[in-house]
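Per-entry structural report
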Amino acid sequence: MNKKRIKIHKDLSSLGRKISGMKILDQDNPEIKDSRNIKTELVNFDFSKQRINKEALDFLLQIPDELDLRGSLDSLFKGDFQNPTEKRNVSHTLHRSESIENNHKVIFSEKNKIKNCIEKIKQDKNIKNIISISIGGSRLGAELLHEFQSNLDPFNIYFCSSYDLLELKDALRSCNQEETLVFAVSKSFETSEVLKNLDYVKTWFSETSALDFRDHLYGISSNLSAMRDYGIKESNQFALLDSLGGRYSIWSSVSLPSFVNSDYNYYSSFLEGARLADQHTHSSPWCKNIPVLMALCGVFNSSALKINNHAIFTYNFRLRSFTKYISQLSMESNGKSINFKNEESPFLTSPLIWGGYGIEAQHSTFQWLMQGKTETSCDFIGLNDKTVDTIDSQEMLLSQVIAMSHGEEDKKHPYKSIKGNNPCSIIQLNSLKLKNLGFLIALYEHKVFIEACILGIDPFDQWGVQLGKKLALKVKTDKDFLKDNFSSSLHPKA
């Protein structure tokens, strides 16, 4: 592993020991509150409740230049950054770029196709139901967008991926064939969960002989030949770039089903927010750069303070699935320890990312957070748009941050004491618009990328996931595989 990274890790460990007795409450002063609050047009970021003193912050802010982060960001925004183990460039930032020279012709043509498809669906008065068969990043992002917009009509939108088909069967009970469109979303068009659900819905359509399933089926994939072989019309095919990873595909046609209840302008606004986050990340100094600061806090909490889990709590109902999306983005990207040169990272890489809708979590996991023995770092995400409706939620969010970071000692009744001292950051959306959401998601994408640059790993492959897929196929082809590994009582019953 790069000698610079080994030294950085050693110095972080030393800093962690040096400030092991430090309390977040000790830094509760106006100067830190102001200097560690970063304001932008769309999102504000506050890291004043992190367990990082001035010495530690000064050290952290030297790391980006030590590792030439500016050069890595330049490559990322040009679409030149390489995923070395899969030997292809990374293109997700190009999907929201306005630069002609940076944009791929496929991206331009697919955007026009998305716009035309949305308009076509909205004009078809017979269609009432949209079923998106997708999994992983291809589902989580689109589903988050659908929930965020809270548009429940005129179309009923269903997302299905369960391997037992129960999710799809439940959706189909509310549909009839004449009124239903199906989107099959799979980058490879070989994903077993997607194909199994797609085969079932194809059989369901065959129950109505007067219909041609191909007129009701759309495909979104980088494997054009596989879509064609399945019978998807060329006019109903959307091409994904091979360089676009599933967990970064929210900016592409993968999210098309999420916008049929709104329109293409909403999609454009979402991309605009991400583009503004790209500009902020590319041009802001490190000390005012939100994803850089998020990544540095993350690396410090894991490698200096030895905190192995990070919770994300949202305090707006439309963001209720945000944690699930970021969990997949973060852990599938940085949940690895060996790089393409077969060198092991000295750092603790991605922590467990968990959390959820904050109001519900307060009545379940917060007890463990407040009085358990495991330390946790946290992001609290809310809306602060100066409207009466959000005041209560914002007050609730801030009160929980104080409880989590400051705690409360009860010497008379120690069982009531709350230890506090959990490092917390606050992220505020200034409006509940898709532009703000695009900005927020792109910030987390860049945080994950910057962490990977520091950790010395490739955030764009997922070989752990591939092993699971390989063994799932082996179960189907090798009849002795289960017999050799499990008790007969666990084998599927015929």
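As shown above, the structure is provided for reference.
Here goes a summary of the coordinates provided. Fair warning: this is a prediction, and the values are worked out from it, not measured in the lab.

What counts and what doesn't
- Residues numbered from 1 in each chain as written.
- Predicted model: local features only at pLDDT ≥ 70, side-chain atom pairs only at ≥ 80, totals over all residues.
- Heavy atoms only, no water.
- Helix = DSSP H or I, 4+ residues; strand = E, 2+ residues; numbered from the N terminus.
- Rg over C-alpha atoms; globule rule 2.2 N^0.38 Å.
- Contact = heavy atoms within 4.5 Å.
- Areas by Shrake-Rupley, 256 points an atom, 1.4 Å probe, with all protein chains shown as cover.
- Lys, Arg positive; Asp, Glu negative; His and termini not counted.
- Charge placed at Lys NZ, Arg CZ, Asp CG, Glu CD.
- Pairing = 2+ DSSP bridges.
- Axes fitted to C-alpha atoms, helices over the stretch in contact; angles between N-to-C directions.
- Buried < 20%, exposed > 50% of the residue type's maximum accessible area, 1.4 Å probe, protein only.
- Right-handed = clockwise from strand over helix to strand, strands pointing away.
- Patch = residues over 30% accessible without salt bridge, like charges linked within 9 Å, V, L, I, M, F, W, Y side chains within 5 Å.
- Salt bridge = Lys/Arg side-chain N within 4 Å of Asp/Glu carboxyl O.
- Expected span 1.5 Å × (residues − 1).
- Arc of directions from axis to C-beta.
- Polar contact = N/O pair within 3.5 Å; in protein donor to acceptor, adjacent residues only side chain to side chain.
- Core = buried A, V, L, I, M, F, W, Y, C linked by side-chain atoms within 4.5 Å.

Some thoughts on the overall build of the protein
- When its secondary structure is counted, the protein shows 19 helices and 13 strands.
- Since a compact globule built from 494 residues should have a radius of gyration of about 23 Å, the 24 Å found for the protein is in line with a globular shape.
- Structurally, the protein occupies a C-alpha span of about 75 × 60 × 55 Å along its principal axes.
- Taking the intrachain contacts of the protein between residues at least 6 apart in sequence as the baseline, contacts between residues at least 24 apart amount to 76%.
- When the accessible surface of the protein is totalled, it reaches about 22800 Å², and 51% of it is carbon and sulfur.
- Here the protein carries 61 positive and 60 negative side-chain charges, and the mean point of each set is 3 Å from the other.

Some points on the sheet that holds strand E13 (residues 424–429)
- The strand order across the open sheet built from six strands is E1-E2-E13-E12-E10-E11, with neighbouring strands paired in mixed fashion. Bordering the open sheet on either side are strand E1 (37–39) and strand E11 (352–357), each of which pairs with just one other strand. Averaged over neighbouring strand pairs, the angle between their axes works out to 15 degrees when direction is ignored.
- Where E1 meets strand E2 (residues 43–49), three bridges bridge the pair, whose relative direction is antiparallel. Bridge pairing in E2 places lysine 39 opposite asparagine 44.
- Of the strands in this sheet, strand E10 (309–314), E11 and strand E12 (377–383) are in contact with helix H13 (residues 322–334), which crosses E11 at around 170 degrees.
- Against the sheet, helix H17 (residues 434–455) contacts E2, E10, E12 and E13, and its axis sits at roughly 150 degrees relative to E13.

Quick word on the pairing of strand E5 (residues 129–133)
- The buried fraction of E5 amounts to five of the five residues, a majority that puts the element mostly inside the structure.
- Of the two faces of E5, the one lined by Asn129, Ile131 and Ile133 and the one lined by Ile130 and Ser132 are each fully buried.
- Bridge count between E5 and strand E6 (residues 156–160): five bridges; the pairing is parallel. Bridge pairing in E6 links asparagine 129 to asparagine 156.
- For the crossover from E5 across helix H7 (residues 137–149) to E6, the handedness is right-handed.

So, a positive patch on the surface
- Positive charge collects at one region of the surface, where Lys169, Lys196, Lys476 and Lys479 lie side by side.
- Tracing the backbone through its elements, the reader meets lysine 169 in helix H8 (residues 166–172).
- On the basis of relative accessibility, which here comes to 30%, the residue lysine 169 falls in the partly exposed class.

Some details on H17
- The terminal C-alpha atoms of H17, which comprises 22 residues, lie 31 Å apart, in line with the 32 Å expected from a rise of 1.5 Å per residue.
- Immediately downstream of H17, the backbone of glycine 456 shows phi near 80 degrees, a positive value.

A look at the pattern of salt bridges
- Scanning the model with the defined rule gives 23 salt bridges in all.
- For the salt bridge of glutamate 143 with arginine 139, the shortest nitrogen-to-oxygen distance reads 3.0 Å. One end of the pair is glutamate 143 and the other is arginine 139, both in helix H7 and four residues apart, which spans about a single turn.
- Exposure remark for arginine 139: the relative accessible area of 11% places this residue in the buried category.
- Each of Glu41, Glu272 and Lys435 takes part in salt bridges that share partners, so that together they form one network.

Some details on helix H6 (residues 105–123)
- Look at H6: 28 Å from first C-alpha to last across 19 residues, which is about the 27 Å you get at 1.5 Å a residue.
- Listing the buried residues of H6 in full gives Ile107, Glu110, Lys111, Ile114, Cys117, Ile118 and Ile121. Across the axial projection of H6, the buried residues extend over an arc of 130 degrees, all falling on one side. Seen from the buried face of H6, the exposed residues on the opposite side, beyond 90 degrees, are Lys105, Lys120 and Gln123.

Focus on the side chain of asparagine 197
- When you line up the elements, asparagine 197 lands in helix H9 (residues 192–206).
- Within the local environment of asparagine 197, its side chain forms a polar contact with the backbone oxygen of serine 162, the two atoms lying 3.2 Å apart.

Brief notes about the nonpolar core
- The biggest cluster of nonpolar side chains holds 103 residues, and the ones touching the most others in it are Phe270, Phe300, Phe322 and Tyr444.
- Ranked by the residues each element gives to this core, the list is headed by H17, at 15 residues.
- Discounting chain neighbours no more than four positions away, the residues touching phenylalanine 322 are Leu144, Ile312, Thr314, Ile381, Leu440, Ile441 and Tyr444.

As for the sheet that holds strand E9 (residues 237–239)
- In spatial order, the strands read E6-E5-E7-E8-E9; together these five strands make up an open sheet with parallel pairing. Two strands in the sheet have a free side with no partner beyond their single neighbour: E6 and E9. Put simply, the sheet's adjacent strands are angled 15 degrees from each other on average, direction ignored.
- Strand direction decides the pairing type here: strand E8 (residues 217–221) and E9, joined by three bridges, are parallel. When the bridges of E9 are listed, glycine 219 appears paired with glutamine 237.
- Of the strands in this sheet, E6 and strand E7 (180–185) are in contact with H7, which crosses E6 at around 155 degrees.

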